[in-house]
Amino acid sequence: MKKCSNQQIIDDSQIQKWRHPGGKLRELGPQSLSDVELLSILISTGIKGKPAEKIAEEILAKFSSFKGMANQPLHKFLEIKGLADVKIIRIAAAFEIARRIVQEVLKESEK
């Protein structure tokens, strides 16, 4: 038995190695990913010496959580090495999608 990256205890025969969290999402579903792994999918690629997951770790350490990231001015993300406009725009778009989903759910629950 071994611990897998998602902290589950599994048989050696079941261990899957993913090069990117997208493969893990495809195989095990989105609920199996950590916040870092989910965010690294949005970031997509890292920079030399700093993979996307490391950048995601730094973002979450800086803002504490997804909730802490919400409504932050975009320039605050530029303080993290490895983030530029395209990656920040992807993250902002994902947060806006989530915000709109929440608004729809709240409207439906008021009915």
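Everything that follows concerns the structure shown earlier in this document.
Please read all numbers here as calculations on a predicted model, not as lab measurements. (Residues numbered from 1 in each chain as written. Predicted model: local features only at pLDDT ≥ 70, side-chain atom pairs only at ≥ 80, totals over all residues. Heavy atoms only, no water.)

Asker: Any details on unusual backbone geometry? Residues and values, ideally.
Answerer: Working note: non-glycine residues mostly have negative phi, and peptide bonds are mostly trans. For Ser64, which is not glycine, the phi dihedral falls at a positive 75°. In this structure, Ser64 sits in the loop between helix 3 (52-63) and helix 4 (66-69). Residue Ser64 is classed as exposed on the basis of its relative accessible area of 65%. (Helix = DSSP H or I, 4+ residues; strand = E, 2+ residues; numbered from the N terminus. Buried < 20%, exposed > 50% of the residue type's maximum accessible area, 1.4 Å probe, protein only.)

Asker: Account for the packing of helix 1 (residues 21-28) against helix 2 (residues 35-43), with residues named and values stated.
Answerer: It is at 9 Å that the axes of helix 1 and helix 2 come closest, and there the two elements cross at 115°. Across from Pro21, Gly22, Lys24 and Leu25 in helix 1, the residues of helix 2 making contact are Glu37, Leu38, Ser40 and Ile41. The residue inventory of the contact of helix 1 with helix 2, partitioned by class, reads four nonpolar, two polar and two charged. (Axes fitted to C-alpha atoms, helices over the stretch in contact; angles between N-to-C directions. Contact = heavy atoms within 4.5 Å. Nonpolar A, V, L, I, M, F, W, Y, C, P; charged D, E, K, R; others polar.)

Asker: So what's going on with the packing of helix 2 against helix 6 (residues 85-110)? Residues and values would help.
Answerer: Relative orientation of the contacting elements helix 2 and helix 6 amounts to 125°, with a least axis distance of 8 Å. Taken together, the axes of helix 2 and helix 6 are oblique relative to one another. In this structure, helix 2 uses Leu39, Leu42 and Ile43 to contact helix 6, whose residues at the interface are Lys87, Arg90, Ile91 and Ala94. Among the residues making up the contact of helix 2 with helix 6, the classes are represented as five nonpolar, no polar and two charged. (Parallel < 35°, antiparallel > 145°, perpendicular 65-115°, else oblique.)

Asker: Can you tell me about the nonpolar core, naming the residues and giving the values?
Answerer: General note: in soluble globular proteins, nonpolar side chains tend to be found buried as a group. Formed by 15 residues in total, the largest nonpolar core has its most connected members in Leu39, Ile43, Ile59, Met69, Phe77, Leu83 and Ile91. Looking at this core, the elements with two or more residues in it are helix 2, helix 3 and helix 6. Among the elements that make up this core, the one with the highest residue count is helix 3 (six residues). Not counting residues within four places of it along the chain, the set of residues in contact with Ile43 comprises Ala52, Ile55, Ala56, Ile59, Leu83, Lys87, Arg90 and Ile91. (Core = buried A, V, L, I, M, F, W, Y, C linked by side-chain atoms within 4.5 Å.)

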